[in-house]
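Take a look at the letters that make up each chain.
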Amino acid sequence: MLPTASLSRKTTLLLTASLLVFSLVACGSSTPMAPASSASSALEPAATDSLLRQVKTQIREATDKGSLDSLKQARAWAKQATGGDRAALAHYYAALADYRMSNRLPEEDEARRERVIEDAIGHLKRATEINGTMADAWALLSGCYGQMMGMNPMQAMSLGPKSDEAMEKAKEHGPNNPRVWLIDGTSDFYTPGMFGGDKEKALTKFEKAARLAEQGSPDDPLMPSWGHAEAHAWVGVAHMEAERYDPARTAFETALDLNPDYGWVEKVLLPKLEEKQS
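Residues numbered from 1 in each chain as written. Predicted model: local features only at pLDDT ≥ 70, side-chain atom pairs only at ≥ 80, totals over all residues. Heavy atoms only, no water.

Would you explain the pattern of salt bridges in this entry?
Pairs can form between side chains of opposite charge whenever their charged atoms are close. Under the criterion given, the structure shown has 14 salt bridges. The partner of Arg112 in a salt bridge is Asp109, and the shortest N-O contact between them spans 4.0 Å. In this structure, Asp136 engages Arg179 in a salt bridge whose closest nitrogen and oxygen atoms are separated by 2.6 Å. With Asp136 in helix H6 (residues 135–151) and Arg179 in helix H8 (residues 178–190), this pair connects stretches of sequence that are 43 residues apart. As far as the burial class goes, Asp136 and Arg179 line up, both buried. A cluster of three or more residues bridged by salt bridges with shared partners is formed by Lys171, Asp184, Asp188 and Lys205. (Salt bridge = Lys/Arg side-chain N within 4 Å of Asp/Glu carboxyl O. Helix = DSSP H or I, 4+ residues; strand = E, 2+ residues; numbered from the N terminus. Buried < 20%, exposed > 50% of the residue type's maximum accessible area, 1.4 Å probe, protein only.)

Shown next as structure tokens:
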């Protein structure tokens, strides 16, 4: 993937003081990851924040470029931070890396995708145990249950209520969180109509997510802030599905204006739109 920034000298000193050494140097996707430390509970607050900042950046860039190796690296770093004072957030980011990986793995590799989503669900359960009001964790948990149902339709009777309950909690604690509406919209988009799915209803939620995302980022820079460009991408997907190609193109171009490195839009969605219009 793209280079990963080195940690500052101050952070290096903090890591050394807390008896932890992380190999966070400028690297590419093939650079080996530092082994997880069993002493993660000793991580000082400033070192935890620095590591989670690295994780957040790594997940964003790896998602843009579609790098599984970098997502694995981000997940490992997030797990190292789960013993610190930001444990719920660290578990969330480990799960987000899993969630992104599951979307990159081949559909036929179902066993591997299932293992990744199971890992994500475990982290999200822990995150919500630590912080029961974390809307992002509840929303992502709902989305992961949805992915698991897609791979195991026979489990819909047990997973469906869990997904619904998690989304209810997400909306309760984050009614204006764009990622809540984005994930809820993807559920509507992929759920078959006979089970309540509705692509036009999904479009309405994607548009709401895009509007909410325009209102700004969270005060805490370590908190989740993804979803703005992604919401517009999904608006485009919904329009393209309904053969409304002009608004689809507008949405895709808006997504790229917000994130010029957005590989899914540039390399997958726009070419697909061109093919449909040809």
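We are not done yet, so read on.
Would you take a moment to explain the layout of surface pockets for this structure?
Empty space among the atoms can be located by rolling a probe the size of a water molecule over them. Approximately 370 Å³ is the volume found for the second largest pocket. Those elements giving two or more residues to the lining of the second largest pocket turn out to be helix H2 (45–65), helix H4 (87–104) and helix H10 (228–241). With five residues, the single largest contributor to the lining of the second largest pocket is H2. Of the residues that constitute the lining of the second largest pocket, the class distribution is eight nonpolar, five polar and five charged. (1 Å grid on protein atoms, 1.4 Å probe; cavity = no way out; pocket = protein on both sides within 12 Å on 5 of 7 lines; lining within 4 Å. Points joined across faces, edges and corners; volume = space filled by probe spheres on them. Nonpolar A, V, L, I, M, F, W, Y, C, P; charged D, E, K, R; others polar.)

Is there a simple way to think about the packing of aromatic side chains in this case?
The description of two aromatic rings rests on the distance between their centres and on the angle between their planes. All told, the structure shown has eight aromatic pairs when counted by the stated rule. Judged by centre distance (5.4 Å) and plane angle (70°), the rings of Tyr92 and Tyr93 are edge-to-face. Looking at Tyr92, the relative accessible area reads 0%, which means it is buried. For Tyr93, a relative accessible area of 2% puts it in the buried group. Aromatic side chains Tyr262 and Trp264 sit 6.2 Å apart centroid to centroid with 55° between the ring planes, which places their arrangement in the tilted category. Taking relative accessible area as the criterion, Tyr262 reaches 6% and is therefore assigned buried. Chaining the aromatic ring pairs together yields one cluster made of Phe189, Tyr190, Phe206, Trp234, Tyr262 and Trp264. Sitting over the face of the ring of Trp226, Arg100 holds its NZ or CZ atom 4.6 Å from the ring centroid. The aromatic ring of Phe189 is capped on one face by Lys199, whose charged end is 4.9 Å from the ring centroid. (Phe/Tyr/Trp six-rings, centres within 6.5 Å; stacked < 30°, edge-to-face > 60°. Lys NZ or Arg CZ within 6 Å of the ring centre and 35° of its normal.)

This is a description of form; function is not addressed.
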